[in-house]
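The lines below spell out each chain.
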Amino acid sequence: MSVRTDDFDVIRGELLRIGVRFARWHAARRVPACADDAALINAYRSHIDHVSAEGGYRTVDVVRMTPGPAGPDPSRPGCPVREKFLEEHVHDEDLVRFVVSGSGCFYLHAARRVHAVLCRAGDMLSVPSRTAHWFDAGVRPTYTAIRFFREGDDRAAHFVPNGIAGRFPVLDDLVPMT
Ligand SMILES: [Fe+2]
């Protein structure tokens, strides 16, 4: 059975059942996505400090995914890092992301279901460590996010044998380009 909704409260409630927190933040002041990392972090400083204190996160950084050069296969162009995160994996750290601009879809595999959570600018997602997941920012990614880490140096992805990611639609199928 598949259920699709864009109702924030419904999404938040469903995700809480698997221990995932979903929130929306507003910047203290508007900053363009092309601003440097420090400017983006400063714009959300009060939110970042709150989440860091609550979750024990000691470092944050900014990740940016942009379209790469077109490759020989038009169905798989662009950002090479996209391929890596399309496979089901877990991390020893929590997965905590705040989307500054663009969008990306986090597929969370928990309690025998897959939740595809499309996150857009202003969305904050906090997923417990060891939750199986994969991620897609699309064929032409425009995704900038702030990431939170406890340790800062153990960000490895541990891939799940026989992962199920390939059985689910990628972002561009879920949200067709208009
Ligand atoms: Fe991941």
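Residues numbered from 1 in each chain as written. Predicted model: local features only at pLDDT ≥ 70, side-chain atom pairs only at ≥ 80, totals over all residues. Heavy atoms only, no water.

**Notes on the coordination of the iron ion**
Geometry sets the ideal angles at a metal, namely 109.5 degrees for four tetrahedral donors and 90 or 180 degrees for six octahedral donors. Every protein donor of the iron ion is listed here as H89 (NE2), H91 (NE2) and H133 (NE2), and their distances to the metal cover 2.1 to 2.2 Å. Written as a sequence motif, the donor arrangement for the iron ion is H-x1-H-x41-H. Here H133 lies in strand β7 (residues 132–136) and H91 lies in the loop between β3 (89–90) and β4 (95–110), a separation of 42 residues in the sequence. The exposure class assigned to H133 is buried, which follows from its relative accessible area of 3%. (Donors = N, O, S within 2.8 Å, 3.2 Å for Na, K, Ca; no water. Helix = DSSP H or I, 4+ residues; strand = E, 2+ residues; numbered from the N terminus. Buried < 20%, exposed > 50% of the residue type's maximum accessible area, 1.4 Å probe, protein only.)

**Examining the pairing of strand β8 (residues 143–149)**
β8 sits mainly inside the fold: seven of its seven residues count as buried. Burial of β8 is two-sided: the residues Y143, A145, R147 and F149 facing one way and the residues T144, I146 and F148 facing the other way are all buried. Note: strand β2 (residues 59–65) against β8, seven bridges, orientation antiparallel. Counted as the bridge partner of V63 is A145 from β8. As judged from the six bridges shared by β4 and β8, these two strands associate in the antiparallel manner. (Pairing = 2+ DSSP bridges.)

**Comments concerning the nonpolar core**
In terms of nonpolar packing, the biggest core is built from 20 residues, with L15, F106, L108, L125 and Y143 touching the most fellow members. If you list the elements that add at least two residues to this core, you get α1 (8–16), β2, β4, β5 (113–120), β6 (123–127) and β8. Element by element, the count of residues in this core is highest for β4, at five residues. Non-local contacts of L15, meaning those with residues more than four positions away in its chain, are made with V20, F22, L108, H115, V117 and L125. Counting residues in hydrophobic clusters, the runner-up holds 17 residues, among them V31, I48, V100 and I146. (Core = buried A, V, L, I, M, F, W, Y, C linked by side-chain atoms within 4.5 Å. Contact = heavy atoms within 4.5 Å.)

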